[in-house]
Amino acid sequence: RKEISLETPLVIQEEHLDKNFGTLWQKGAGTSMSVRELLSATLRESDNTAYRVLLDQLTAREVNDVYRNLDIAVQEEKDNKGTLYPTVSPKNYSSIFRSLYLSSFVSLEHSNFILEILTQTPFADKIVAGVPPGTLVAHKIGVFSQKNTLEKIFVDCGIIYVPNRSYILCAFVLDTEEQARKHISIISKMAYGYIVRVKGG
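Computed from a predicted structure; not experimentally measured.

(A) Region of the structure containing helix 5 (residues 108–118). Residues of helix 5 that are buried: Ser111, Phe113, Leu115, Ile117 and Leu118. Next to the buried residues of helix 5 lie helix 1 (35–44), helix 4 (90–102), strand 5 (136–145) and strand 6 (152–161).

Written as structure tokens, this is what we have:
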């Protein structure tokens, strides 16, 4: 709608505070931050509070349009704003990164801005641990709680920038975080080894 810019200040409300992931909640309600700062926190650090502040700027229709345009399956139930609940899978998570890489949903400038932030995450385990040091990786981690259980799915998805052979890898592991780190790093190492070894035809 072109109503906000990267420098627009947004205020954290009580209902935005989320202790599950990230530290922004510690600043408390009433804290003002720019859209740029909030994007950085939610993309780089996976901060849930920043995510909630940004999500609150969108209508249910706008959010649902994103799911439709990126081929993300949704459940029939909706939240109190009318936003559908996505069913996230490795395949449709990878479509988000594909659309950023190809600039097929947002502009080239904004796609590159998002991907650049995602190369600066502090998380050096999972996918990053499976590739040689110095390999550029634009990735996003996540944790999904299984409905009606205490089980969690640990996620890492991103673009690994191998010269002339960039590829996308998304891994979901239902296990402890320690095991997820181990398994995803092994999968990442195997994928990287295959990509750099096999010649294109």
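(B) Structural detail: the pattern of salt bridges. Going through the model one piece at a time under the given rule, you end up with eight salt bridges. Here glutamate 7 makes a salt bridge to arginine 36, at a shortest N to O gap of 2.6 Å. Residue glutamate 7 is located in the segment before strand 1 (9–11), and its partner arginine 36 is located in helix 1; the two are separated by 29 residues in the primary sequence. Of the residues examined, arginine 36 reaches a relative accessible area of 36% and is grouped as partly exposed. Residues arginine 68 and aspartate 65 are paired through a salt bridge, measuring 2.9 Å at the closest nitrogen-oxygen approach. Note that arginine 68 and aspartate 65 are positioned in helix 3 (residues 60–69) at a spacing of three residues, about one turn of the helix. What makes arginine 68 exposed here is its relative accessible area of 56%. Ionic contacts of the salt-bridge type, sharing partners, join the residues Asp125, Lys126, Glu177 and Arg181 into one network.

(C) Seen up close, the state of the cysteines. This structure, assessed with the given rule, holds one disulfide. One disulfide bridge connects cysteine 157 with cysteine 170, the sulfur atoms lying 1.7 Å from each other. Residue cysteine 157 is located in strand 6, and its partner cysteine 170 is located in strand 7 (residues 167–174); the two are separated by 13 residues in the primary sequence. We classify cysteine 170 as buried; its relative accessible area is 17%.

(D) Up close: the sheet that holds strand 6. Taken together, the three strands give an open sheet; going across it, the order is 5-6-7, and neighbouring strands pair in antiparallel fashion. Sheet topology places strand 5 and strand 7 at the edges, where each strand pairs with a single neighbour. Between one strand and the next, the sheet's axes are offset by a mean angle of 10°, whatever the strand orientation. With eight bridges connecting them, strand 6 and strand 7 associate as antiparallel partners. Note on strand 7: the bridge partner recorded for valine 155 is phenylalanine 172. Those strands touched by helix 7 (residues 177–197) are strand 6 and strand 7, and its axis lies near 155° from that of strand 7.

(E) Here's a closer look at unusual backbone geometry. The phi dihedral of serine 46 falls on the positive side, at around 55°, and the residue is not glycine. Take serine 46: its relative accessible area is 6%, and that puts it in the buried class. Unlike most non-glycine residues, serine 103 shows phi in positive territory, near 50°. Residue placement: serine 103 occurs in the loop between helix 4 and helix 5. Residue classification places serine 103 among the partly exposed positions, given a relative accessible area of 21%.

Definitions and limits used
Residues numbered from 1 in each chain as written. Predicted model: local features only at pLDDT ≥ 70, side-chain atom pairs only at ≥ 80, totals over all residues. Heavy atoms only, no water. Buried < 20%, exposed > 50% of the residue type's maximum accessible area, 1.4 Å probe, protein only. Helix = DSSP H or I, 4+ residues; strand = E, 2+ residues; numbered from the N terminus. Contact = heavy atoms within 4.5 Å. Salt bridge = Lys/Arg side-chain N within 4 Å of Asp/Glu carboxyl O. Disulfide = S-S within 2.5 Å. Pairing = 2+ DSSP bridges. Axes fitted to C-alpha atoms, helices over the stretch in contact; angles between N-to-C directions.

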